[in-house]
Amino acid sequence: MTSPAPKIYLSDYTPPAYLVDTVELTFKLAAKTTRVISRIAFRPNPDSTSRDFFLHGEQLKLINAKIDGQDVSPDINSNGLRCAAPQTPFIWECEVEIAPEDNTALEGLYMSNAMYCTQCEAEGFRRITYYPDRPDVMAVFSVRIEGDLPVLLSNGNPTASGDGWAEWHDPWPKPAYLFALVAGDLVNHADTFTTMSGRVVDLNIWVRQGDIDKCAFGMQALKTSMKWDEDVYGREYDLDLFNIVAVDDFNMGAMENKGLNIFNSSCVLASPETATDANFERIEAIIAHEYFHNWTGNRITCRDWFQLCLKEGLTVFRDQSFSGDVRGHGVNRIHNVLALRGRQFSEDQGPLAHPVRPASFVEINNFYTATIYEKGAEVIGMLKRLVGDADYARALDLYFERHDGDAATIEDWLKVFEDITGRDLAQFSRWYSQAGTPILSVTDDYKDGIYTLNFKQETPPTPGQDMKQPQVLPIAVGLLSENGTEVLETTVLEMTEAEQSFSFDGLKGKPVPSILREFSAPVILRRETSNRERAFLLAHDTDAFNRWEAGRVLGKDLMLRMVTDGATPDSFYLDALAQVLRDDTLDPAYRALMIRAPGQNDIAQSLAQAGHVPDPAQIYRAAQTLEQAKAQHLQDTLPRLYAEMHVPAPYSPDAEPVGKRALQGAVLSLITRLDGGAAARAQYANATDMTQQFGALSCLLDAEAGEAELAAFYEQWSGERLVIDKWFGAQVSLAAPEKAAGIADALTRHADFEMTNPNRFRAVFGALSMHAAGFHEASGAAYNLLADWLIALDPLNPQTCARMTTAFQTWHHYSKERQALMKGALERIAATDGLSPDTTEMVGRILNG
């Protein structure tokens, strides 16, 4: 068993002993023996009392080292080197050797299909050369690359090139985590963008030869993002060139390296034939996210990794706002909240709960979480809602002006809002320091024309935090009369106490409240109400989110009663659903979300919160029963709606046709329950795009009726690795619960399964872990299978392995028998000799939280 690595604490932060002005790097590329020669200008940091010259370095072979031209012999350990250094500015030079071909961890410099590429966030640069690898050390980089590949790329602007070499210079100081290098036999999809000041910026998406036809949408998304950031935030791009490179082997989605964004190929490559609508939407959002980092992450970075939410939460908020402007705010907000509740709420309610700004960590890679990203974005949204659009814009302008070129903190961020608005944000800052999801309980009363809402907030204990203080909650509220007209337009109530009441006078009758409009705060809302009131809001609420929420809660309440009381699907819910489905005034994408059943993990969470022990098999059966009842109840409407939502060729990824295809796909899944798959087979045979083809295949697999189509799909797309990821994942995610683990096991023996490729590994085991009834099947086969493969993966790719352990994070919610099986699997992982610090930390937190 591996001993846990020591924790790092925010409270222990000290400024770097030495600062860096310039970095000159030369790379002599070779698969097994790359030489990296560095020449770095250091100077003592006047804000530090330390003169300890320590440089991070891991898995490096030191060839030589010099200070001001004189050879030095530093003390070296597994974490870096230390040696005596002058107390005046000096030049550090060293040469190291690394082996990119052997780097399966995909951190630092590694190889992917004969391409050299880098991933340096969070601490990968220390695998390239010795350096103070921390985000508050920022420097200007110049890079020379020597190699026999035709394309040699790095950050910034190209300055010179010749046969077998290229030189690059990035004029903007940056931390080492933003360094990037790519070398390969690549082709480019080129374009230009003219900035608001009239500068012409060259744009490229670099890909392998066979992928050039999948770049057009990504390029358009990039240009749309650049224009949006100018229009909405006043931020102009600041280099002559912007490059994106698609890489097959990548632990993350993408990386915002200055001027050279490196993308997981799944997050940038798309064509109508090979990508679904969901793929197109995800690509658009991720390209926007990485581009927006140019200002919120690159020009202003974070002082230390505890401030990670400063760049990620803000940038997620910006990309969500962009997607809302491009694709519609109502539907986009629902998708964002579904993701938040599905990933972050479960994180907050389990052993991995942590504040948006954690107080400590062992491995920072383990804190690239939904709390940092999605909850961090919600905190930004609340702040904007509290101060208003105008002051938010003024505060952001001040933030960019005051901190451009800085490594900033949460305190710096909040201070600009205090300076602009005059508000004291000390209480609001608790959102950054307190973990957990607040529970907001509501009661109401009406007397003599006065309507009162009584709120109580309480945040349950989380690991390391038992007592919680009241937080600032912006609660957006509207009031409707009994005939459905709005008697109070959306008003934001600012709750600051543990219990607080708000009254509204001059009313002619008791109104129906619409509470937490637009999901104005990331809380769990509890209010005793009737299904009749929910149906009223479903029919009349003017807030798109709360109207959808009313329908979702209706369906969720029914499913909970089916699980706990043996209830059967009632006509009240089904009639309300039919009314929504037939309402042609509603956006098709919105209707598709309306008829979507509550997730089975969501039901399990709700049962656990209510003190029940969730039975995944029982929840699965209830979900199947409800879907069948929906199909039968709506059978007269489904064929007409399916035909009306048909979108003729040519394919477009724009919001309107995407919405129609989403509703048509939801309808097809219900029709398949009635016709044995006849309509799905016809759609599969006639499909002209991947959304139609894969949607039909998924319906058939869900009905256990798609064996021939599954074989044909593989035969057709065996040369397209991203499509085959879908083929792997669908077989597991749509399997009957008792078959899921066996199918996943069989797929690991398929010739196309590569455990070292994160996309392929996640296609199988991500699908298995998200298949609630399959993963928690009573035998524990899925637990053991995942544990076996995580033990095998950890020495190769600790980062991906550690993140996959989150499949077990809700283990304490389930029966004693399932708990024993999951705990046994976790303990078996923990007992593995040589287990990485990444996985050791995660398993320890899950077991002991």
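Residues numbered from 1 in each chain as written. Predicted model: local features only at pLDDT ≥ 70, side-chain atom pairs only at ≥ 80, totals over all residues. Heavy atoms only, no water.

1. Notes on the overall build of the protein
Quick reminder of the rule: Secondary structure counts use DSSP, requiring at least four H or I residues in a row for a helix and at least two E residues in a row for a strand, with both numbered from the N terminus. Only the C-alpha atoms count toward the radius of gyration. The rule for a globule is 2.2 Å times the residue count to the power 0.38. Contact between two residues is taken to exist if any of their heavy atoms lie within 4.5 Å; hydrogens are not considered. Accessibility throughout is a Shrake-Rupley quantity obtained with a 1.4 Å probe, and a residue counts as covered only by protein chains that appear here. We treat Lys and Arg as the positive residues and Asp and Glu as the negative residues; His and chain ends play no part in the count. Lysine's charge is taken at NZ, arginine's at CZ, aspartate's at CG and glutamate's at CD.
Scanning the protein for helices and strands turns up 27 helices and 31 strands. Computed over the C-alpha atoms, the radius of gyration of the protein is 27 Å, within 12% of the 29 Å expected from 2.2 N^0.38 for a compact globule of 849 residues. The dimensions of the protein, computed from C-alpha atoms along their principal axes, are 85 × 65 × 60 Å. Across the protein, contacts joining residues at least 24 apart in sequence account for 70% of those joining residues at least 6 apart. Summing over all exposed atoms, the protein offers an accessible surface of approximately 32,000 Å²; the carbon and sulfur share of this is 50%. On the protein, the mean spot of the 76 positive side-chain charges and the mean spot of the 116 negative ones are 3 Å from each other.

2. Here's the deal with the sheet that holds strand 28 (residues 486–495)
Keep this limit in mind: Between any two strands, at least two bridges found by DSSP are needed for them to pair. Inter-axis angles, ranging from 0 to 180 degrees, are taken between N-to-C directions of lines fitted to C-alpha atoms, where helices are fitted over the stretch in contact.
Strand order in the open sheet made by the three strands is 28-27-30, with antiparallel pairing throughout. Since the sheet does not close on itself, it has two edges, and those belong to strand 28 and strand 30 (512–515), each with one partner. Adjacent strand axes in the sheet meet at a mean angle of 25° when their direction is disregarded. Bridge count between strand 27 (residues 473–480) and strand 30: four bridges; the pairing is antiparallel.

3. Thoughts on the environment of R35
We apply this condition: We call two N or O atoms a polar contact when they sit within 3.5 Å, provided that within protein one can donate a hydrogen and the other can accept it, with sequence-adjacent residues counted only if both atoms are side-chain atoms.
Within the fold, R35 resides in strand 3 (residues 34–44). In contact with R35, other than residues within four places in its own chain, are T26, F27, K28, I63, E95, V96 and E97. At a separation of 2.9 Å, a polar atom in the side chain of R35 contacts the side chain of E95.

4. As for the side chain of K468
Where we set the bar: Per-residue accessibility, obtained with a 1.4 Å probe over protein chains only, is compared with the maximum for each type, and a residue is labelled buried under 20%, exposed over 50%, and partly exposed between these values. Just to be clear on terms, a salt bridge is a Lys or Arg side-chain nitrogen sitting within 4 Å of an Asp or Glu carboxyl oxygen.
Looking at where K468 falls in the secondary structure, it is placed in the loop between strand 26 (450–458) and strand 27. The buried charged residue K468 lacks any salt bridge, with D348 as its nearest oppositely charged partner at 7.4 Å. A distance of 2.7 Å separates a polar atom in the side chain of K468 from the backbone oxygen of A435. Here T462 takes part through its side chain, which lies 3.0 Å from a polar atom of the side chain of K468.

5. Side note on the packing of aromatic side chains
The test is simple: For Phe, Tyr and Trp, rings pair up if their centres lie within 6.5 Å, where Trp contributes its six-membered ring, and each pair is then called stacked (planes under 30 degrees apart), edge-to-face (over 60) or tilted (otherwise). Think of it as a cone above the ring: NZ of Lys or CZ of Arg counts as a charge over the ring if it is within 6 Å of the ring centre and within 35 degrees of the ring normal.
Counted by the stated rule, this structure contains 49 aromatic pairs. Where F306 meets F361, the ring centres are 4.7 Å apart and the plane angle is 35°; that geometry is what we call tilted. Pair noted here: F306 is in the loop between strand 22 (301–302) and helix 3 (308–327) and F361 is in strand 23 (residues 360–361), with a separation of 55 residues, a long-range link. For the residue pair F306 and F361, the accessibility class agrees, reading buried in each case. Where F519 meets F545, the ring centres are 5.6 Å apart and the plane angle is 45°; that geometry is what we call tilted. Residue F519 is found in the loop between strand 30 and strand 31 (524–526), and its partner F545 is found in helix 10 (residues 544–565); the two are separated by 26 residues along the sequence. One residue, R235, lies across the ring of W295, its end atom 4.7 Å from the ring centre. The cationic tip of R299 hangs over the ring face of W172; the distance from NZ or CZ to the ring centre is 3.8 Å.

6. Details of the pairing of strand 25 (residues 439–447)
As defined by bridge partners, strand 25 adjoins strand 26 across nine bridges and the pair is classed as antiparallel. When the bridges of strand 26 are listed, V442 appears paired with F455. The antiparallel pairing of strand 25 with strand 26 creates a hairpin that spans two residues between the two strands, and D448 there sits at a positive phi of about 55°. Sheet topology note: the strand 25/strand 31 ladder contains three bridges and is parallel. Considered in strand 31, the bridge of I439 is made with I524.

7. With respect to unusual backbone geometry
The amide bond that connects E121 to the next residue, A122, takes the cis arrangement and shows omega of 5°. Mapping A122 onto the fold places it in the loop between strand 11 (115–119) and strand 12 (139–146). Of note, the amide linkage connecting A649 to P650 takes the cis form, showing an omega dihedral of 5°. The topology assignment puts P650 in the loop between helix 15 (638–644) and helix 16 (655–675).

8. Thoughts on the pattern of salt bridges
The final tally for this structure, using the stated rule, is 66 salt bridges. With its nearest N and O atoms 3.0 Å apart, the salt bridge here joins K28 to E146. Residue K28 is located in strand 2 (residues 18–28), and its partner E146 is located in strand 12; the two are separated by 118 residues in the primary sequence. Residue classification places K28 among the partly exposed positions, given a relative accessible area of 34%. K384 is the salt-bridge partner of D389, the closest N and O atoms lying 2.7 Å from each other. By relative accessible area, which is 55% here, D389 ends up exposed. On the basis of relative accessible area, K384 is assigned to the partly exposed category, the value being 22%. Where salt bridges share partners, they join R208, D211, D213, K214, D248, E720 and R721 into one cluster.

9. Observations concerning the packing of helix 6 (residues 389–403) against helix 7 (residues 410–421)
Let me state the cut-off plainly: What sets the label is the angle itself: under 35 degrees gives roughly parallel, over 145 gives roughly antiparallel, 65 to 115 gives roughly perpendicular, and the rest give oblique. Should the near helix be turned counterclockwise from the far one by less than a right angle, the crossing is left-handed, whereas a clockwise turn marks it as right-handed.
Contact geometry for helix 6 and helix 7: axes closest at 9 Å, N-to-C directions at 125°. Relative to helix 7, the element helix 6 is oriented oblique. Every pair of crossing elements has a handedness; the one defined by helix 6 and helix 7 is right-handed. Where helix 6 abuts helix 7, its residues D391, Y392, R394, A395, L396, L398, Y399, R402 and H403 lie against D412, W413, K415, V416, F417, D419, I420 and T421.

10. Let's talk about helix 22 (residues 758–770)
Selection criterion: One fitted axis covers the seven residues ending at a residue, a second covers the seven starting there, and the bend at that residue is the angle between these axes.
Bending of helix 22 peaks at approximately 25° at the position of V764. With eleven of 13 residues buried, helix 22 is to be regarded as a mostly interior element. Every buried residue of helix 22 is accounted for by P758, N759, R760, F761, A763, V764, F765, G766, A767, L768 and S769. Where helix 22 is buried, its residues touch strand 21 (260–264), helix 20 (721–733), helix 21 (737–747), helix 23 (772–775), helix 24 (781–793) and helix 25 (798–804).

11. Regarding the side chain of S112
Relative to the assigned elements, S112 resides in strand 10 (residues 108–112). Polar side-chain contacts of S112 include one of 2.6 Å to the side chain of D249. When neighbours within four sequence positions are excluded, S112 is seen to be in contact with C117, V247, D248 and D249.

12. What about the confidence of the model for the protein?
Filter applied, for reference: Each residue gets a pLDDT score, which is the predictor's confidence in that residue and runs from 0 to 100.
Per-residue pLDDT for the protein has a mean of 97; in total, 100% of the residues score no lower than 70. The lowest-confidence element of the protein is helix 11 (residues 571–581), averaging 94 in pLDDT; the highest-confidence one is strand 13 (residues 151–154), averaging 99.

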